[in-house]
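What the coordinates show
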Amino acid sequence: MSENSLILVLQLKILKTLNDMAKVQIKSEKLTPFGGIFSIMEQFNILLGKTIDSTLGLRCTSCGYQYSEILRSLMCVYFCGGSCVEDISSHLMPHLSQHPRLRTCSADTILRAINELTQENISYTSDMGKNYDFNTADTLNTLLLNCMFASGQLKEGEIYDVDFDHQFIETEKYDAKPTYKKFPDYRPGVAVIGDLIVGIENRRTKQEQRQSLLWLCLARRRKPKGQQRWQHKCSFPSEGHAEEVL
């Protein structure tokens, strides 16, 4: 083999090696099993971020976390298989914090924000002298509806049938009360449109169904734009009765 032939063979081998190297992609050494949640976080921020902050208000003006960031962090806990809020600090933070733009807050921040958003119970005494406690959570129910409209799940100007029922959630929390089902539980009243939850209020006993409907009706009298044409499948009390209670 001549010297020129040897040089030609070496050049071909070098070109082939360079072509093979061009197919190699340099990856970041930071690997995470939860990388798929990043696209969901981004969509959450695009669709609901402004709606959440405009409904709940700005939580801070300089440093700190806004409510949209806190609720997004809480969403990530359950989307990543967590069972409690503390999982975000103990397991998920090293992975979620790898997103280049979106911040993730700690479990302590999430719990403080939940406490900030709580609403005092409303007490009502019936004609029989029984005391009932309700919590209509007006701000959070308004946020729920606004997010439904922002995500396109509900449309302004449409007519919707709203169904209302009570759910029994068995629990051993300190404020749970026993029922005729013979276990302590929470008994929220839930309003739904199809399979969409559009309102939740907490109440105490089975006998409170009428009053629960009353307070849900009162909460809906402050409904935001786009809900003027709702139809209720359940029998709400009259406005006269509502004003009498107030």
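Throughout what follows, the structure given in this document is the object of discussion. (Residues numbered from 1 in each chain as written. Predicted model: local features only at pLDDT ≥ 70, side-chain atom pairs only at ≥ 80, totals over all residues. Heavy atoms only, no water.)

Structural notes on the overall build of the protein
- Scanning the protein from N- to C-terminus turns up eight helices and nine strands.
- Going through the 246 residues of the protein one by one, you find that 37% of them count as buried.
- Taking as baseline every contact in the protein between residues at least 6 positions apart, the subset at least 24 positions apart corresponds to 57%.
- Total accessible area on the protein is roughly 15,900 Å²; 54% of this is exposed by carbon and sulfur atoms. (Helix = DSSP H or I, 4+ residues; strand = E, 2+ residues; numbered from the N terminus. Buried < 20%, exposed > 50% of the residue type's maximum accessible area, 1.4 Å probe, protein only. Contact = heavy atoms within 4.5 Å. Areas by Shrake-Rupley, 256 points an atom, 1.4 Å probe, with all protein chains shown as cover.)

Side note on the environment of Gln167
- As for its placement among the helices and strands, Gln167 is situated in the loop between strand 3 (161-166) and strand 4 (169-170).
- In this structure, the C-alpha to C-alpha distance between Gln167 and Gly189, residues 22 residues apart in sequence, is 6.5 Å.
- When near neighbours in sequence (up to four residues on either side) are disregarded, Gln167 contacts Tyr186, Arg187, Pro188 and Val190.

Observations regarding the pairing of strand 1 (residues 122-125)
- Taken together, the four bridges between strand 1 and strand 2 (residues 131-134) define a ladder with antiparallel strand orientation. In the strand pairing of strand 2, Ile122 is matched with Phe134.
- Once strand 1 ends, the chain turns through five residues before running back antiparallel as strand 2, passing Gly129 with a positive phi of about 85 degrees. (Pairing = 2+ DSSP bridges.)

Observations regarding the sheet that holds strand 5 (residues 177-178)
- The antiparallel open sheet is built from three strands, whose spatial order is 4-6-5. The strands lining the two open edges of the sheet, one partner per strand, are strand 4 and strand 5.

Observations concerning the pairing of strand 7 (residues 189-193)
- Counted residue by residue, strand 7 has four buried out of five residues, so it is predominantly covered.
- In the sheet, strand 3 pairs with strand 7 via four bridges, with the strands oriented antiparallel. Across the sheet, the residue bridging to Asp163 is Val192, located in strand 7.
- Judged from the five bridges that link them, strand 7 and strand 8 (residues 196-201) form a sheet pairing that is antiparallel. Note on strand 8: the bridge partner recorded for Gly189 is Glu201.

Here we look at the nonpolar core
- Counting residues in each nonpolar core, the largest one holds 25 residues, and the members touching the most others are Ile37, Met41, Ile52, Cys76, Ile88, Leu96 and Ile110.
- Counting residues per element, the ones that place at least two in this core are helix 2 (37-56), helix 3 (67-79), helix 4 (87-96), helix 5 (107-116) and helix 6 (138-150).
- Per-element accounting of this core gives the leading share, seven residues, to helix 2.
- The contact partners of Ile110, leaving out residues within four places of it in the chain, are Ile70, Ser73, Leu74, Val85, Ile88 and Cys105.
- In terms of nonpolar packing, the next biggest core, distinct from the first, is built from 11 residues, Leu145, Val162, Phe164 and Val198 among them. (Core = buried A, V, L, I, M, F, W, Y, C linked by side-chain atoms within 4.5 Å.)

Read these as layout, nothing more, since geometry by itself doesn't imply function.
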